[in-house]
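Below are the chains, spelled out letter by letter.
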Amino acid sequence: MTKKELKRESIIQASLKLFSSNGFHKTTIPDIAKVLGMSVGNLYNYFKSKDILAKEIIKYTSEILGQEIKKVNILDISSEEKIKKIVELYFKMAEEKPEMIEYFLRVYLSHREVFSDGCEGMLCVSGFVTEIMIFFDDGVERGELRDQDFFSAFGLFMGYLGGMVFLKGENILPKELHEYIDDISKNIYNALKV
Amino acid sequence: MSKKPKLLWLQSLTCNGNSHSFFNHSDLFSILSHFELIHFPLIDTKYTLEDVLNKRVNCDILIIEGSIKHGLEKCGVDIATLIDYYANEAKYIITAGTCATFGGMFKEYDSDNINGFAFDRDKAIDNFSKFRKKLISLPGCPIHPKWLSYVLLMIANKKNIPLDDKNRPQELYSITVHTGCVRNEYFEWKIDTHGFGHKEGCSFYENGCQGPFTRGSCNKILWNDVSSKTIIGTPCFGCTEPDFPKERLFFTKTNMGIPQKMPLEVPKRAYLTITGVAKSFNIKRLERKLIEYNNDN
Amino acid sequence: MIIKKLIEKVEGEANLSFEFKDGKISNVDIIFNIYRGIEEILKGKPTRDALVITPRVCGICNHAHLIASVRAIEDGLKNNSLEFTLTQKAKDIREFTLACELIQNHIKWLYLTIYPYLERLLKIERSDNHTLKASYIANTITKAMAIFAGQWPHSSYAVVGGVTCDPTYLDTIQSLSHIEDAIRFYEKVVIGMNLDDYLAIESISNLDKLGGDFAKLLYLLGKNEFAKIGKSFDRFISFSDSHISKKAKSIITTVSAVELKFVKEYKQKDSFAKGVKYKNRYFEVGPLARAMINKEPIVKSLHKKYKDATLTRVYARVHEVALLLKQTKEILQNLDVTQESCVLDSKIDINNITGIGTVEAARGSLIHKLEVENSLIKSYDIITPTQWNLSNNAVAAKAMIGLDSEDIASFVFRTFDVCSVCTTH
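If you're wondering where the values come from, they're calculated on a predicted model, not measured in any experiment. (Residues numbered from 1 in each chain as written. Chains lettered and ligands numbered in written order. Predicted model: local features only at pLDDT ≥ 70, side-chain atom pairs only at ≥ 80, totals over all residues.)

(A) The overall build of chain A, seen in detail. Secondary structure summary: chain A contains ten helices and zero strands in total. In sequence order, chain A lays out its α and β elements as α-α-α-α-α-α-α-α-α-α. Its C-alpha atoms give chain A a radius of gyration of 18 Å, near enough to 16 Å, the size a compact globule of 194 residues would have. The principal-axis extents of the C-alpha atoms in chain A amount to approximately 55 × 35 × 30 Å. Taking all 194 residues of chain A together, 32% fall into the buried category. Counting contacts in chain A only where the partners sit at least 6 residues apart, residues at least 24 apart contribute 72% of the total. (Helix = DSSP H or I, 4+ residues; strand = E, 2+ residues; numbered from the N terminus. Rg over C-alpha atoms; globule rule 2.2 N^0.38 Å. Buried ≥ 20, exposed ≤ 12 C-beta atoms within 10 Å, placed from the backbone. Contact = placed C-beta atoms within 7 Å.)

What follows is the structure in structure tokens.
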């Protein structure tokens with residue numbers, strides 16, 4: 001990565017944390033610049049506005065999540081085992097980098113107006129959605145998953161995981177996320193299998 | 001004495017569709033003027049079928065129509081053996097249509113005994129190694145008249161025809177049926193045609209169109225000079241391919257809404273990435289009816 | 001004495017075996033010995049696939065098979081109390097493309113079969129122009145048709161509930177130009193007079209105005225005993241209503257209703273083709289049958305004088321082209337492109353149905369019957385026009401019996417417009 005790319009990524013990571021913890025509207029560009037020890041003017045050289053930054057962050061997190069799922073997709077294991085690995089990596093990410101999942105839930109899904117221009121539909125999350133599609137397609141092709149509407153399967157899978165992370169974030173869950181992996185994986189598999 | 005190449009059209013197990021398709025050619029007579037027509041199933045020729053069956057004729061170019069069925073006889077003559085006889089004699093062998101090339105529709109009746117001349121579906125059989133130097137495969141159900149005339153005129157003009165690994169002319173089969181389809185803009189933006197009977201929309205997503213993964217130039221060289229299946233809204237059934245006919249021909253096989261078969265050699269990940277992007281925009285113009293017929297005008 | 005003849009270029013081949021007694025043909029066996037098993041192939045297939053498979057029965061009347069097939073499925077759905085009505089537009093387009101197929105068929109028969117083999121039989125000078133003429137019409141008419149059907153042969157554009165095409169006036173106008181070209185050809189070359197004037201002729205006494213190849217053909221046939229020979233049962237049948245036909249039968253010119261349940265197929269020895277009868281009797285199908293049932297004045301006038309002789313049979317087929325050309329032109333001129341093309345959802349489940357589809361193909365009534373169970377075809381039965389006309393002891397055989405030459409008999413046989421591939425599906 002070039003120096004400029006590294007800087008760009010550090011801005012994204014810092015903003016991700018601020019947006020997730022302080023909220024999108026309360027976080028300003030000067031706040032982000034301050035955390036990074038850079039000038040506001042220089043930050044604008046990287047991202048022309050807070051809205052653009054917000055969109056870049058969702059693409060960035062989607063890509064990272066997508067790359068992780070891709071590693072699972074290319075393994076020669078059953079769909080049941082893949083489901084468990086995807087649940088594991090999702091929860092691991094939620095525990096280790098809670099800001100990424102938080103950002104998705106609290107910024108991306110809650111401030112749709114920010115994303116209306118340039119992040120239409122699933123445009124900014126396609127890195128992640130594509131890998132989920134590959135996973136589903138492969139599972140049906142191998143005769144392990146039931147052929148059904150994409151969104152009914154997608155909603156079940158991701159809504160479930162997002163819901164658990166949300167409950168965790170609200171401090172409602174009595175146990176740690178990873179302790180739910182086995183049950184949740186089994187539930188998802190049972191719901192999707194042929 | 002005529003020095004024109006002698007053309008023999010020989011039928012095995014067929015519906016006659018290739019003969020009729022070729023007969024539709026708008027330049028039939030100018031094409032045939034380059035050859036001495038020994039026998040053709042529709043036209044009154046100098047020689048009769050009995051002459052052909054009794055090996056009383058010679059040929060330079062042998063056109064085979066129909067699947068090869070072992071044991072199939074006409075007037076006591078075994079047709080597979082007769083085809084081999086003329087194949088040995090000919091300088092060029094053209095398998096006209098999917099039946100003659102890969103086995104086609106009629107192979108389904110008795111798969112073990114019915115094949116193409118040099119292929120059993122996509123698998124090359126003995127005749128392929130034996131005749132590959134003079135074999136030209138022209139699959140299609142039926143054959144496109146202009147594909148055949150291209151091959152015949154290339155031979156008449158002593159030109160070399162670039163062929164692919166199944167001896168199909170590259171100039172005809174290196175592109176897909178999708179190439180040139182008037183509905184391509186709808187494919188680009190992933191807009192389905194929503195049932196049948198609409199000018200608008202693409203048939204790849206739901207109606208089973210095989211155009212993007214079927215080799216052939218149906219939309220580059222139009223059918224009957226005017227149209228094609230996909231143009232008028234009928235899905236491409238993949239009739240040039242070795243596995244024609246597949247099943248559920250009016251439905252796209254999908255896995256959770258994702259088309260099972262990808263455009264030729266396009267990785268699924270690449271396709272889905274582009275699809276996600278394209279689908280995210282609602283292009284109003286492409287979602288509207290193309291034409292509003294207003295009776296008040 | 002038995003004389004065997006191979007009849008080629010009848011959409012495949014037929015083997016005729018003539019039995020002679022006292023110098024006259026006493027029996028003819030008609031043998032088609034190729035079998036492609038299309039009905040077997042259809043078993044177990046998803047129902048809609050029939051729309052792609054059945055056209056492959058025949059290279060020249062593939063479209064009729066498509067229409068019979070789609071009608072059989074639609075009939076089955078209606079029997080299962082699914083209510084729907086095709087739009088006039090969809091009906092018109094189907095009729096149009098069907099009529100186009102009939103036209104190219106009849107003209108090919110006239111120029112590729114009748115003229116060359118008559119010249120051969122009569123040992124008169126043969127003309128190369130026949131093929132050229134047939135080619136011109138085949139090319140022109142299939143263009144007109146492909147604008148709607150996408151291609152010919154082997155289109156599958158008729159789907160359950162309508163058609164796949166959604167034509168514009170740009171399409172109908174271009175198609176109309178091709179039809180007008182075909183009409184011009186028919187006027188100048190075939191009948192040598194104006195189409196409307198020709199269609200106004202109602203009696204033989206006015207046929208002297210006729211010119212062109214048709215007049216020449218009638219002259220040759222009349223001069224050579226074909227007005228007297230080729231007579232058969234004089235019983236005609238048709239199972240489909242259309243512009244040129246009615247679902248009815250005609251026995252000695254009396255027209256009455258028919259019911260499909262009386263149609264019965266039976267196995268024949270030494271032939272892969274099945275025979276077919278109505279109420280245990282043979283009936284003739286085809287253009288002559290349609291004209292007799294429809295009481296087409298000029299054909300009735302010929303029939304009054306020559307009965308169902310070869311001349312009448314040949315006349316009816318060439319005459320039908322005139323009716324079809326007029327019909328195709330009228331359909332295009334009146335087609336309302338703003339209506340729906342297809343009224344049924346493309347995904348409706350087709351299950352547990354039994355249906356029958358009939359259509360008037362070039363050679364006569366074509367019947368498709370299907371049974372669907374568990375969304376798959378359980379049985380499929382195709383009864384082709386040629387089975388009616390060409391079974392042993394049936395119409396064509398009767399027309400040949402009593403003749404004293406196998407060559408003349410073979411020509412009489414060809415006047416039925418034989419389709420070997422249809423017979424041997």
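On we go from here.
(B) Main features of the interface of chain A and chain B. Facing 18 residues of chain A, the contacting portion of chain B comprises 14 residues. Contributing elements (two or more residues each) for the side of chain A that touches chain B: α8 (126-141) and α9 (150-169) of chain A. Take the side of chain A that touches chain B: its biggest share by element is nine residues, from α8(A). A breakdown of the residues in the side of chain A that touches chain B according to their chemical character gives nine nonpolar, four polar and five charged. (Nonpolar A, V, L, I, M, F, W, Y, C, P; charged D, E, K, R; others polar.)

(C) Fine view of helix α11 (residues 310-334) of chain C. If you check α11(C), its first and last C-alpha atoms are 37 Å apart, about what 25 residues at 1.5 Å a residue would give, namely 36 Å. With 20 of 25 residues buried, α11(C) is to be regarded as a mostly interior element. (Expected span 1.5 Å × (residues − 1).)

(D) Summary view of the sheet that holds strand β3 (residues 24-31) of chain C. Residue and element names in this part refer to chain C. Overall, antiparallel pairing links the three strands, which are arranged β1-β2-β3 in an open sheet. Of all strands in the sheet, those with a lone pairing partner are β1 (2-7) and β3, marking the two edges. With strand direction ignored, the average angle separating the axes of adjacent strands in the sheet is 25°. In terms of strand pairing, strand β2 (residues 14-21) meets β3 through seven bridges, oriented antiparallel. When the bridges of β3 are listed, Phe-20 appears paired with Ile-25. Here helix α14 (residues 406-414) sits on the sheet and contacts β1, β2 and β3; the angle it forms with β1, its principal contact strand, is near 40°. (Pairing = 2+ DSSP bridges. Axes fitted to C-alpha atoms, helices over the stretch in contact; angles between N-to-C directions.)

(E) Structural detail: the nonpolar core. Formed by 217 residues in total, the largest nonpolar core has its most connected members in B:Leu8, B:Leu62, B:Ile63, B:Ile93, C:Ile103, C:Ala396 and C:Met400. Among the elements that make up this core, the one with the highest residue count is helix α4 (residues 88-122) of chain C (16 residues). In terms of domain composition, this core takes at least three residues from each of domain 1 (6-171) and domain 2 (175-288) of chain B. Apart from the residues within four sequence positions on either side, C:Met400 is in contact with C:Ile25, C:Val28, C:Ala409, C:Val412 and C:Phe413. Of all hydrophobic cores here, the second largest spans 49 residues; its members include A:Ile86, A:Phe128, A:Leu177 and B:Leu272. (Core = buried A, V, L, I, M, F, W, Y, C linked by C-beta atoms within 7 Å. Domains from an automatic or database assignment.)

(F) Examining the confidence of the model for chain B more closely. Taken as a whole, chain B shows an average pLDDT of 95; of its residues, 98% reach a score of 70 or greater. Two summary scores accompany this predicted model of the complex, namely pTM at 0.93 and ipTM at 0.96. (pLDDT = per-residue confidence, 0-100.)

(G) Spotlight on the packing of α8(A) against helix α11 (residues 268-279) of chain B. α11(B) packs onto α8(A) with a crossing angle of 130° between their chain directions and a minimal axis gap of 9 Å. Overall, the two elements α8(A) and α11(B) adopt an arrangement that is oblique. Where α8(A) crosses over α11(B), the two elements pack in a sense that is right-handed. Contacts between α8(A) and α11(B) pair A:Ser126, A:Val129, A:Thr130, A:Met133, A:Ile134 and A:Asp137 from the former with B:Lys268, B:Arg269, B:Leu272, B:Thr273, B:Gly276 and B:Val277 from the latter. Looking at the contact of α8(A) with α11(B) residue by residue, the class counts come to five nonpolar, four polar and three charged. (Parallel < 35°, antiparallel > 145°, perpendicular 65-115°, else oblique. Left-handed = near helix turned anticlockwise from the far one by under 90°.)

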